[in-house]
Amino acid sequence: MSPKTKVAVLISGRGSNMEALVRAAQASGCPFEIALVLANKPDAKGLEIAGAAGVEALCVDQKPFGKDREAHERAIDAALRARAIEVIALAGYMRILTPFLVDAWAGRMLNIHPSLLPAYPGLDTHARAIAAGEVEAGCTVHLVTAGVDEGPILGQARVPILPDDDEHALAARVLAQEHRLYAETLATFCRGLSAAKPQD
């Protein structure tokens, strides 16, 4: 059996998608392990959740780095490489990334976004979809590239927008799909990585 792909999940808050990935990784046959949960804020609730699940939880606080985002990312990158991380999964990581981290992990960094990309990149996706009269919303897992929410799409899940939906009701239904989609897409991605590795 191939060794599991070592994944780090980057969070800024509670990290409900992180929690779903940690749960998925515990299933037999899952091709990835969550080897690290890393936050940019020491009060991120997800750090406690990860620690309680037996996953290493680390904060690389952005504050001491001030406005030097690349220096902060270099510290993150060093922590990832020290743990032999192979793939990054962004899960509510609320920092715009610099070219340094995007380039360093090109093709190995995933993100989940609460819309059917390329529609509604950025923030307030649910309110914008409802205001535009859309009949469906959803979520997208994509590779991270330099453009915000622009990378190649790896998977999507669709959710109907109901006549009486507000953004909170819609967000809750989309989030349930996010938890399923992210785990499934990450598993498929990691299986592909393993298959591409030279065998000993």
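Structural notes on the overall build of the chain
For step 1, the next point in the chain: Along the chain, the regular secondary structure elements total 6 helices and 7 strands.
For step 2, the next point in the chain: For the chain, the α and β elements follow one another from N to C terminus as β-α-β-α-β-α-β-α-β-α-β-β-α.
For step 3, the next point in the chain: The globule rule puts the C-alpha radius of gyration for 200 residues at 16 Å, and the 17 Å found for the chain is close to it.
For step 4, the next point in the chain: For the chain, the spread of C-alpha atoms along the three principal axes comes to 50 × 45 × 30 Å.
For step 5, the next point in the chain: When the 200 residues of the chain are sorted by exposure, 46% land in the buried category.
For step 6, the next point in the chain: Pairs at least 24 residues apart make up 62% of the contacts formed inside the chain by residues separated by at least 6 positions.
For step 7, the next point in the chain: Of the roughly 9,800 Å² of accessible surface on the chain, 56% is carried by carbon and sulfur atoms.
For step 8, the next point in the chain: Within the chain, one finds 20 positive and 24 negative side-chain charges whose respective centroids are separated by 5 Å.

Let's talk about the environment of E33
For step 1, the next point in the chain: Of note, E33 is situated in strand β2 (residues 32-39).
For step 2, the next point in the chain: Exposure remark for E33: the relative accessible area of 33% places this residue in the partly exposed category.
For step 3, the next point in the chain: Here the alpha-carbon distance between E33 and V7, two residues 26 residues apart in the chain, equals 6.0 Å.

A closer look at the nonpolar core
Nonpolar side chains in soluble globular proteins tend to be buried together.
For step 1, the next point in the chain: The biggest cluster of nonpolar side chains holds 39 residues, and the ones touching the most others in it are V7, V9, L21, F32 and I34.
For step 2, the next point in the chain: Here the element with the most residues in this core is helix α6 (residues 167-196); it accounts for 9 residues.
For step 3, the next point in the chain: What I34 contacts, discounting residues up to four positions off in sequence, is V7, V9, L21, V22, A25 and V55.
For step 4, the next point in the chain: One finds L10, I76, I85 and V144 within the second-largest nonpolar core, a separate group that totals 20 residues.

Observations concerning the pattern of salt bridges
For step 1, the next point in the chain: One pass over the structure, following the stated rule, counts 8 salt bridges.
For step 2, the next point in the chain: Across the pair E19 and R14 runs a salt bridge, and its minimum N-O distance is 3.0 Å.
For step 3, the next point in the chain: Owing to a relative accessible area of 22%, E19 belongs among the partly exposed residues under this scheme.
For step 4, the next point in the chain: Here E56 and R83 are joined by a salt bridge, their closest N and O atoms 2.9 Å apart. On the criterion of sequence distance, the pair formed by E56 in the loop between α2 (45-52) and β3 (57-59) and R83 in the loop between α3 (69-82) and β4 (87-90) is long-range, its members being 27 residues apart.
For step 5, the next point in the chain: R83 gets classed as partly exposed once you look at its relative accessible area, which sits at 24%.

A look at the packing of aromatic side chains
For step 1, the next point in the chain: Evaluation of the coordinates by the stated rule reveals 0 aromatic pairs.
For step 2, the next point in the chain: Of note, R74 hangs over the ring of F100, and the distance from its end group to the ring centre comes to 4.0 Å.

Points about the environment of P42
For step 1, the next point in the chain: Within the secondary structure layout, P42 lies in the loop between β2 and α2.
For step 2, the next point in the chain: Along the sequence, P42 and S194 sit 152 residues apart, while their C-alpha atoms lie 33 Å from each other.
For step 3, the next point in the chain: Dropping the residues within four chain positions of it, P42 is found in contact with L47, C59 and D61.

What counts, and where the lines are drawn
- Residues numbered from 1 in each chain as written.
- Predicted model: local features only at pLDDT ≥ 70, side-chain atom pairs only at ≥ 80, totals over all residues.
- Heavy atoms only, no water.
- Helix = DSSP H or I, 4+ residues; strand = E, 2+ residues; numbered from the N terminus.
- Rg over C-alpha atoms; globule rule 2.2 N^0.38 Å.
- Buried < 20%, exposed > 50% of the residue type's maximum accessible area, 1.4 Å probe, protein only.
- Contact = heavy atoms within 4.5 Å.
- Areas by Shrake-Rupley, 256 points an atom, 1.4 Å probe, with all protein chains shown as cover.
- Lys, Arg positive; Asp, Glu negative; His and termini not counted.
- Charge placed at Lys NZ, Arg CZ, Asp CG, Glu CD.
- Core = buried A, V, L, I, M, F, W, Y, C linked by side-chain atoms within 4.5 Å.
- Salt bridge = Lys/Arg side-chain N within 4 Å of Asp/Glu carboxyl O.
- Phe/Tyr/Trp six-rings, centres within 6.5 Å; stacked < 30°, edge-to-face > 60°.
- Lys NZ or Arg CZ within 6 Å of the ring centre and 35° of its normal.

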